[in-house]
Amino acid sequence: MNNQEDEIVLKLTGIANQLSSGKRKLNLDIGNIEDIENENIRELAQKIVHLGEQYRDCYGFIMDLANGKLYTEPPRGNPFVDPFKQLHSDLRHLTWQIQEIANGDYDQSVSFSGDFSEA
C-alpha cells in the first residue's frame, strides 16, 4: 500500500470506530472516493461511507421517535430502520386512538402491545 491508501484505510477505520461506539455525529469525510486508485479500497470506502450515512439517518429517525415527533417519515431503503417501522406505525395509530377518545369516541379500544394497552 502507498501513503494515500494507508491514509484512506486509517480514515475508514476511524469511521468504523465511530459506528461501533454509537456516536451520533459521524465524520464521513475521506476525500473524493472516485480518486482512489485501488479498486478494492475504493469499493470498501464507498460501502463504509454509505453504511455511515444509513446509520446517521436511522439515528436521527429514532431520536425523532424518542422525542415524540411521530410524523417524521422513516428513511427509505434503510435496513437499519426496518425494526422500528412497526413501532412507528403503532405509535401513530395509538396517537390517533387517543385523539378519538378525547373527541368523545369512547368505543375506541386501545390496541397497543404490552402493558400499555392494559393500563
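First, a word on what this report is: a plain description of the structure on this page.

## Focus on the pattern of salt bridges
Under the definition given, this model contains 6 salt bridges. Residues Lys47 and Glu43 are paired through a salt bridge, measuring 4.0 Å at the closest nitrogen-oxygen approach. Taken together, the residues span about one helical turn, with Lys47 and Glu43 both in helix α2 (residues 39–66) at a distance of 4 residues. Residue classification places Glu43 among the partly exposed positions, given a relative accessible area of 39%. Among the ionic pairs, Asp64 bridges to Lys69, the shortest N-O distance being 4.0 Å.

## Details of the environment of Gly22
With respect to the helices, strands and loops of the structure, Gly22 is situated in the loop between α1 (3–21) and α2. Spatially, the C-alpha atoms of Gly22 and Asn103 are 42 Å apart, while their sequence positions differ by 81 residues. Among residues more than four places away in sequence, those in contact with Gly22 are Tyr55 and Tyr59.

Reading guide: rules and limits
Residues numbered from 1 in each chain as written. Predicted model: local features only at pLDDT ≥ 70, side-chain atom pairs only at ≥ 80, totals over all residues. Heavy atoms only, no water. Salt bridge = Lys/Arg side-chain N within 4 Å of Asp/Glu carboxyl O. Helix = DSSP H or I, 4+ residues; strand = E, 2+ residues; numbered from the N terminus. Buried < 20%, exposed > 50% of the residue type's maximum accessible area, 1.4 Å probe, protein only. Contact = heavy atoms within 4.5 Å.

Coordinates in, geometry out; function isn't part of it.
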